[in-house]
Amino acid sequence: MITPSTTHHLPSQSFLPKFGWKKRDLENNPSTWLIHMEQGASKDVVWSNRRLMPTQNLLKRAYSMLKRDSLKSPGFLVIDNIGDFVHTEKGRERFQNELYTGVSELFLNTLQKSDSSPSLHSEHVETRGFRQKDGFFKQPCGFMNAAKFTLKRLHHDSHTLIASHIYDKVYGVTGGQFIFFDDLQFAKDRNLRAGNKSLYEFEENKHDFPCSPVLKEKYKNKTNDYLFEIDTIPKKGENGRRQPKLIMFNNLFDGVGHGAREFSRVSSPWNRSYVRIFSRLSKLGEELTWNKLPFHRPENHKASRLEAVT
């Protein structure tokens, strides 16, 4: 679990962060990662057959935030006002799926046109969705849970390409912020030969996913200048509607690491859960090796497909 630092100091001059999305820059210029949706065919969303749908403009905007042609791109996005349009959990999940599917297709289309692509096709990728509730090992999708509480060290999901979370059912707790880690720039600033792969190690305990690389302990207190946090507890907007945040992030394609702060229970009952949609290499694509998938190890796929246990 990741706990907030209790001391604050300036980094040494040689390790001053140089990356494009410095924490203070993101805070001062949220338009680079934050989307406050507007309705209209030339804007972000439209209604079609009583369903909220993303426009091509929103899909392209989201894709541009997620792809990292340079380190100035955030590699993640947050939508902060889905509650203005959709007032039910089921409706928000439907919209999340539509947005995710559209952005995922843009990723695949771009990769298929790339000369460096190892013939990655849609049949090599599977998309899954489920609700994860803290305190439970078993997942509805049939996979073994990564941890009893979803608060692993900063990590990458080694077979996940891109992912999306909606933190909708969260109450009776404090903390639990979602954290992004620009490990690519962290490694670059420290001249690590193997890049961000140098920062991670694979855990042995099967309940913690042997295929999921987690940040080495020696780096855990050196990353603060490269972290950005998102509050995951839904708040009420000016119109009184609950506003759960929709988060998307690029996990493998020169993407960002992620994790979460520890949470505390402040009342009973309590709940911390989220709906997750993610795409990962299917059985047809598991043997692919590619520098854009730095944490993918084909031999570890079997471990990640273990059936859920109680």
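Fair warning: this is a prediction, and the values are worked out from it, not measured in the lab.

**Points about the confidence of the model for the protein chain**
Detailed reading of the predicted model is not advised wherever pLDDT is low.
Working step 1: When pLDDT is averaged along the protein chain, the result is 83, and 82% of the positions lie at 70 or above.
Working step 2: Low pLDDT, under 50, characterises residues 1-17; the predicted model gives this stretch 28 contacts beyond four residues in sequence or across chains.
Working step 3: pLDDT under 50 marks residues 306-310. Its contacts with residues more than four places away, or in other chains, come to 16 contacts.

**A look at the packing of aromatic side chains**
Working step 1: Here the structure, examined in full by the defined rule, presents 18 aromatic pairs.
Working step 2: One aromatic cluster is present, built from ring pairs that chain together Trp33, Phe76, Tyr167, Phe178, Phe180, Phe228, Phe249 and Tyr274.
Working step 3: Geometry around Phe186 places Arg190 over its ring, the cationic atom sitting 3.9 Å from the centre.
Working step 4: Cation over ring: Arg276 sits above Phe278, and NZ or CZ is 4.8 Å from the ring centre.

**Points about unusual backbone geometry**
Working step 1: The omega torsion of the bond from Ser268 to Pro269 falls at 0 degrees, within 30 degrees of zero and hence cis.
Working step 2: The residue Pro269 is located in the loop between strand 17 (263-265) and strand 18 (271-281) in this model.
Working step 3: Non-glycine residue Arg50 carries a positive phi angle of around 65 degrees.
Working step 4: For Arg50, the location among the structural elements is in the loop between strand 2 (45-48) and strand 3 (51-54).
Working step 5: Positive phi is not limited to glycine here, since Asp254 has a value of about 55 degrees.

**Comments concerning the pattern of salt bridges**
Working step 1: Tallied over the entire structure, the rule returns 19 salt bridges.
Working step 2: Note that Lys43 and Glu38 form a salt bridge whose closest N and O atoms lie 3.4 Å from each other.
Working step 3: Overall, Glu38 belongs to the partly exposed group, its relative accessible area being 41%.
Working step 4: One connected set of salt bridges, linked through shared partners, spans Arg153, Glu201, Glu217 and Lys220.

**Thoughts on the packing of helix 2 (residues 56-66) against helix 3 (residues 89-113)**
Working step 1: Running from N to C, helix 2 and helix 3 point in directions that differ by 65 degrees, and their axes come no closer than 9 Å. Crossing of helix 2 against helix 3: the hand is right-handed. Judged by residue contacts, Leu58, Leu59, Lys60, Ala62, Tyr63 and Leu66 of helix 2 engage Phe95, Leu99, Gly102, Val103, Leu106, Phe107 and Thr110 from helix 3.
Working step 2: Along the lines of polarity and charge, the residues of the contact of helix 2 with helix 3 split into ten nonpolar, two polar and one charged.

**Describing the sheet that holds strand 9 (residues 178-181)**
Each strand in a sheet pairs with another by means of backbone hydrogen bonds, the pair being arranged parallel or else antiparallel.
Working step 1: One open sheet accounts for three strands, arranged 12-9-16; its pairing is antiparallel. Edge positions in the sheet fall to strand 12 (227-230) and strand 16 (257-260), since each has one partner strand and no second. The average angle at which neighbouring strand axes cross in this sheet is 25 degrees, direction not considered.
Working step 2: Direction of pairing for strand 9 relative to strand 16: antiparallel, over a ladder of four bridges. Counted as the bridge partner of Ile179 is Gly259 from strand 16.

Procedures and definitions
Within any chain, residue numbers begin from 1 and follow the written order of that chain's sequence. Only residues with pLDDT of at least 70 are given local features in this predicted model, and only at 80 or more are side-chain atom pairs given and counted; all residues enter the totals for whole chains, interfaces and linings. Values reported for side chains reflect all heavy atoms of the structure, with hydrogen atoms and water molecules removed beforehand. Scored between 0 and 100, pLDDT is the confidence that the predictor attaches to each residue. Residue contacts follow a heavy-atom distance rule, with two residues in contact if any of their heavy atoms lie within 4.5 Å. Each Phe, Tyr or Trp ring, with Trp reduced to its six-membered ring, pairs with another whose centre is within 6.5 Å; inter-plane angles below 30 degrees give stacked pairs, above 60 give edge-to-face pairs, and intermediate values give tilted ones. The rule is short: NZ of Lys or CZ of Arg within 6 Å of the ring centre and within 35 degrees of the ring normal puts a charge over the ring. By definition, any uninterrupted DSSP run of H or I lasting at least four residues is a helix, any uninterrupted run of E lasting at least two residues is a strand, and each is numbered from the N terminus. Put simply, a salt bridge is a Lys or Arg side-chain nitrogen that is within 4 Å of an Asp or Glu carboxyl oxygen. Working definition: with a 1.4 Å probe on protein chains only, accessible area under 20% of the residue-type maximum means buried, over 50% means exposed, and in between means partly exposed. Here the axes come from fitting lines to C-alpha atoms, over the contacting stretch only for helices, and the angles between their N-to-C directions go from 0 to 180 degrees. It is the rotation of the near helix from the far one that decides the hand of a crossing: anticlockwise by less than a right angle makes it left-handed, clockwise makes it right-handed. Nonpolar residues are Ala, Val, Leu, Ile, Met, Phe, Trp, Tyr, Cys and Pro. Charged residues are Asp, Glu, Lys and Arg, and all others, Gly as well, are polar. Strand pairing is defined by DSSP finding a minimum of two bridges between the two strands.

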